[in-house]
Amino acid sequence: SMETSGFGDILIGAMDAISDTWTASLSLSIPTGSIDEYDTVTMQGINPMTQMPMSNTNYIKAGYPMQLGTGTWDLIPSLTYADSADKFGWGLQASYRWHLGTNDDDYTWGNVLKAIGWGKYVFTPKLLGVGKLTATDQGRIDGQDPELDPNRSPVTDPDTTGGTRVDLSIGLNRFFGKQLNHV
């Protein structure tokens, strides 16, 4: 097993309500998270020749998804639509993350297009049903960290990164204290 820990990139941004239903935002991701995380990995097993227990300990660089940051400045614009009527509420958001430039380890994360749709229904003033669908399309890493052997593991191979993912979540929110008066 491997682990990394620490602080990631810092995100700063601004939002503007264009109208009652439309909001635009622009964020900047500052590359403060490490892209040079290492971990000690011990592999244990049985030597097939001697049938004796064996172990091998290495201090190796963690794969791409285990690094704490991107190493690049990233620009993230988004546009959100949200509305409601009676007990229903709904919305859509689209965002894009541009990774600007190449980091110090000679690679750039793939850009990310994300679309989110959600709906909600107020059953009672204190009970809210929610559903959300998120679609994410991320490009492959461009370049390669010279310290990562792509043959070691899929997490160290830039050709195995990127792809499209769709997540569906549903839930109930129960409010305590003051009553919910709006959607």
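This is a predicted model, so every value here is computed, not measured.

Undergrad: Could you clarify how one ought to interpret the overall build of the protein in this entry?
TA: Assigned secondary structure in the protein consists of 0 helices and 11 strands. For the protein, the α and β elements follow one another from N to C terminus as β-β-β-β-β-β-β-β-β-β-β. Residues counted as buried form 25% of the 183 residues belonging to the protein. Total accessible area on the protein stands at roughly 11900 Å², and carbon and sulfur atoms take up 57% of it. Averaging the locations of the 12 positively and 21 negatively charged side chains of the protein gives two centres separated by 17 Å.

Undergrad: Explain a nonpolar patch on the surface here, please?
TA: Taken together, the side chains of L26, W73, L75, W98 and L100 make up a nonpolar region of the molecular surface, amounting to roughly 470 Å² of accessible area. Elements that contribute at least two residues to the nonpolar patch include exactly β5 (73–85) and β6 (88–100).

Undergrad: Honestly, the side chain of S25 in this entry has me stumped. Any pointers?
TA: Here S25 is to be found in strand β2 (residues 22–30). Since its relative accessible area comes to 18%, S25 is described here as buried. Within the structure, S25 has its side chain in polar contact with the side chain of S78 (distance 2.4 Å).

Undergrad: Can you help me understand the pattern of salt bridges in this one?
TA: Note on pairing: side chains with opposite charge can pair once their charged atoms come close. Counted under the stated rule, the structure contains 6 salt bridges. Across the salt bridge formed by K61 and D145, the nearest N and O atoms sit 2.5 Å from each other. Of this pair, K61 sits in strand β4 (residues 53–61) while D145 sits in the loop between β10 (142–143) and β11 (163–174), and the two are 84 residues apart along the sequence. K61 sits in the buried class, given a relative accessible area of 3%.

Undergrad: How should unusual backbone geometry be read in this particular structure?
TA: Note on backbone geometry: most residues besides glycine have negative phi, and most peptide bonds are trans. Positive phi is not limited to glycine here, since D86 has a value of about 55°. D86 gets classed as exposed once you look at its relative accessible area, which sits at 77%. Residue D106 is not a glycine yet carries a positive backbone phi of 70°. Relative to the helices and strands, D106 is located in the loop between β6 and β7 (107–108).

Undergrad: Would you mind showing me how to read the environment of V130 here?
TA: As for its placement among the helices and strands, V130 is situated in strand β9 (residues 127–138). Overall, the relative accessible area of 30% leaves V130 in the partly exposed class. Along the primary structure V130 and W22 are separated by 108 residues, whereas in three dimensions their C-alpha atoms are 20 Å apart. When neighbours within four sequence positions are excluded, V130 is seen to be in contact with G119, K120, S169, I170, G171 and N173.

Undergrad: Got a minute to help me understand the nonpolar core in this structure?
TA: Among soluble globular proteins, nonpolar side chains are generally buried collectively. Within the largest apolar cluster, 6 residues are counted, these being I35, Y64, Y107, W109, I141 and L148. Residues contacting Y64, with those up to four places away along its chain left out, are Y107, W109, I141, Q144, D145, L148, V155, T156, D157 and P158.

Undergrad: Where do I start with the layout of surface pockets in this structure?
TA: Using a probe with the size of a water molecule, rolled over the atoms, empty space left in the structure can be pinpointed. A volume near 460 Å³ is recorded for the largest pocket. Taken together, 25 residues line the largest pocket, and the ones lying closest to its centre are L11, I76, S95, R97 and K114. Elements supplying a minimum of two residues to the lining of the largest pocket: β1 (10–17), β2, β5, β6 and β8 (112–124). Looking at which element gives the most residues to the lining of the largest pocket, the answer is β6, with 5 residues. Among the residues making up the lining of the largest pocket, the classes are represented as 10 nonpolar, 12 polar and 3 charged. Here the second largest pocket is characterised by a volume of approximately 180 Å³. Around the second largest pocket sit 13 residues that line it, and W109, Q138, T161, G162 and G163 are the ones nearest its centre. Listing elements by their share of the lining of the second largest pocket, those giving two or more residues are β9 and β11. With 3 residues, the top contributor of residues to the lining of the second largest pocket is β11.

The rules we used
- Residue numbers restart at each chain and count upward from 1, following the sequence in its written direction.
- Totals for whole chains, interfaces and linings use all residues, but because this is a predicted model, local features are given only for residues with pLDDT of at least 70 and pairs of side-chain atoms are given and counted only at 80 or more.
- With hydrogens and water set aside, each side-chain value is computed from the structure's full complement of heavy atoms.
- A run of H or I in DSSP becomes a helix once it reaches four residues, and a run of E becomes a strand once it reaches two; helices and strands are each numbered from the N terminus.
- A simple rule labels every residue: compare its accessible area, found with a 1.4 Å probe on the protein chains alone, to the largest value its type can have, and call it buried under 20%, exposed over 50%, or partly exposed in between.
- Residue exposure ignores everything except the shown protein chains as possible cover, and the areas themselves are Shrake-Rupley values with a 1.4 Å probe.
- The charge count treats Lys and Arg as positive and Asp and Glu as negative. His and the chain ends do not count.
- Note on charges: their place is set at NZ of Lys, CZ of Arg, CG of Asp or CD of Glu.
- Residues enter a patch when their relative accessible area is above 30% and they make no salt bridge; the linking distance is 9 Å between like charges and 5 Å between nonpolar side chains (Val, Leu, Ile, Met, Phe, Trp, Tyr).
- We define a salt bridge as a contact between a side-chain nitrogen of Lys or Arg and a carboxyl oxygen of Asp or Glu at a distance within 4 Å.
- In protein, a polar contact requires one atom able to donate a hydrogen and another able to accept it; more generally it is a pair of N or O atoms within 3.5 Å, and residues adjacent in sequence count only if both atoms are side-chain atoms.
- In what follows, a contact means two residues having at least one pair of non-hydrogen atoms within 4.5 Å.
- Here, nonpolar core refers to any group of buried Ala, Val, Leu, Ile, Met, Phe, Trp, Tyr and Cys residues whose side-chain atoms link them within 4.5 Å.
- With a 1 Å grid laid over protein atoms only, a set of points is called a cavity when a 1.4 Å probe fits there but cannot get out and a pocket when it is open yet has protein on both sides within 12 Å along at least five of seven lines; lining residues have an atom within 4 Å of a point.
- Grid points are joined across faces, edges and corners, and a volume is the space filled by probe spheres set on the points.
- Each residue gets one of three labels, nonpolar for Ala, Val, Leu, Ile, Met, Phe, Trp, Tyr, Cys and Pro, charged for Asp, Glu, Lys and Arg, and polar for the others, Gly among them.

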